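# A look at the structure
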Amino acid sequence: MNIRLLPLLLLAAFGMAVAAEVNYPLDAPAPDGRRPGGTISQSLPAPAIANEENKDLKRERNYPEQPPTIPHSISGYQIDKNGNKCLACHSRANSARSQAPMISITHYMDRDGQALAAVSPRRYFCNQCHISQNEVKPLVGNSFETIDKLLQDEANAPAKP
Ligand code: HEC
Ligand code: HEC
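Residues numbered from 1 in each chain as written. Chains lettered and ligands numbered in written order. Predicted model: local features only at pLDDT ≥ 70, side-chain atom pairs only at ≥ 80, totals over all residues. Heavy atoms only, no water.

### A closer look at the layout of surface pockets
In this structure, the largest pocket spans a volume of roughly 1000 Å³. Lining the largest pocket we find 39 residues, and of these P68, H90, P101, I103 and H130 sit closest to its centre. Considering only residue class, the lining of the largest pocket consists of 19 nonpolar, twelve polar and eight charged. The volume enclosed by the second largest pocket comes to roughly 360 Å³. Lining of the second largest pocket is provided by R59, E60, N62, Y63, Q66, T69, I131, S132, Q133, N134, V136 and P138. (1 Å grid on protein atoms, 1.4 Å probe; cavity = no way out; pocket = protein on both sides within 12 Å on 5 of 7 lines; lining within 4 Å. Points joined across faces, edges and corners; volume = space filled by probe spheres on them. Nonpolar A, V, L, I, M, F, W, Y, C, P; charged D, E, K, R; others polar.)

Here it is as structure tokens:
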């Protein structure tokens, strides 16, 4: 076989594999996710964006390393290369005036754990990790149990022989 034909052959084989993909009927029911009901070919309107809670009430963290959810509204707070509204209250220098909790030491660390003088670039875009609190029902079920519950269960379990 001419070796120069090989790429062409491979391409043809790939094309056939793509063409053989399952074709779902357009009226098949769509998976129940963010927009339940309807068929896979239908575009349903997105649900309305839920209101942010603005009660200054912290929620429990599920584990110590969890980024705390934001207990106040953040609508209109700008974060870009020109400025960071969050740091106007949460930076080391501004937290005394604003009485907002200062971002913790991990926000000053580079990826090698070295503490920097200023906020680390990897912690600059706060919303990558912190999300505002909304009064909504969870989209999917969740059987997560905190470590406290697991330790409690273990302590209560009958002693192993
Ligand atoms: C006007 C000042 C101000 C601004 C701006 C601000 N915060 Fe806050 N933030 C606070 C205060 C004060 C608290 C303490 C709880 C409360 O009063 O809501 C707080 C609490 C928090 C907490 C909870 C901390 C914890 O220990 O549970 C997080 C997370 C947070 N803010 C993130 C943000 C992010 C992200 C932004 C930007 C999108 C932001 N904040 C902008 C003042 C501010
Ligand atoms: C890469 C993820 C990440 C980013 C980005 C990030 N944080 Fe955090 N943040 C965390 C985690 C994880 C914690 C909890 C553990 C810790 O302190 O590191 C936390 C804790 C906090 C706390 C509570 C501090 C305390 O002492 O309890 C505040 C307030 C906060 N972050 C604000 C911010 C603000 C404001 C920004 C943006 C300038 C930001 N964070 C960016 C992950 C992040």
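There's more to say after this.
### Regarding the site of ligand 1
Lining the immediate environment of ligand 1, one finds 19 residues, of which D56, H72, C86, C89 and H90 sit closest. Within the contact set of ligand 1, an oxygen atom lies 2.6 Å away from a side-chain nitrogen or oxygen of D56. At a separation of 3.4 Å, an oxygen atom of ligand 1 approaches a polar side-chain atom of R61. When each cavity is represented as a set of grid points, ligand 1 is found to reside in the largest pocket. Along the lines of polarity and charge, the residues of the shell around ligand 1 split into ten nonpolar, five polar and four charged. (Near = heavy atom within 4 Å. Polar contact = N/O pair within 3.5 Å; in protein donor to acceptor, adjacent residues only side chain to side chain. Sits in = over half its atoms within 2 Å of the grid points.)

### With respect to a nonpolar patch on the surface
Taken together, I3, L6, L9 and L10 make up a surface patch of nonpolar side chains, about 400 Å² in accessible area. Mapped onto the elements of the fold, L10 is located in helix α1 (residues 6–19). (Patch = residues over 30% accessible without salt bridge, like charges linked within 9 Å, V, L, I, M, F, W, Y side chains within 5 Å. Areas by Shrake-Rupley, 256 points an atom, 1.4 Å probe, with all protein chains shown as cover. Salt bridge = Lys/Arg side-chain N within 4 Å of Asp/Glu carboxyl O. Helix = DSSP H or I, 4+ residues; strand = E, 2+ residues; numbered from the N terminus.)

### Describing the coordination of the iron atom of ligand 1
Distances from the iron atom of ligand 1 to its protein donors, H72 (NE2) and H90 (NE2), fall within 2.0 Å. Geometry at the iron atom of ligand 1 is octahedral, judged from the six donor atoms that bind it and their angles of 87 to 179° at the metal. Of this pair, H72 sits in the loop between α1 and β1 (79–80) while H90 is found in helix α2 (residues 87–90), placing the two residues 18 residues apart along the sequence. A residue is classified by how much of its surface remains accessible, and H72, at 22% relative accessible area, is partly exposed. (Donors = N, O, S within 2.8 Å, 3.2 Å for Na, K, Ca; no water. Tetrahedral: all angles 85-135°; square planar, octahedral: opposite > 155°, others 65-115°. Buried < 20%, exposed > 50% of the residue type's maximum accessible area, 1.4 Å probe, protein only.)

### With respect to the pattern of salt bridges
Taken as a whole and judged by the stated rule, the model has four salt bridges. In this structure, E53 engages R59 in a salt bridge whose closest nitrogen and oxygen atoms are separated by 2.7 Å. You can call E53 buried: its relative accessible area is 12%. The residue K55 makes a salt bridge to E135 at a minimum N-O spacing of 3.1 Å. With K55 in the loop between α1 and β1 and E135 in the loop between α3 (95–98) and α4 (147–156), this residue pair connects regions lying 80 residues apart in the sequence. Given the relative accessible area of 48%, K55 is considered partly exposed. The class of E135 is exposed, set by a relative accessible area of 59%. The structure contains a network of salt bridges with shared partners spanning E145, K149 and D153.

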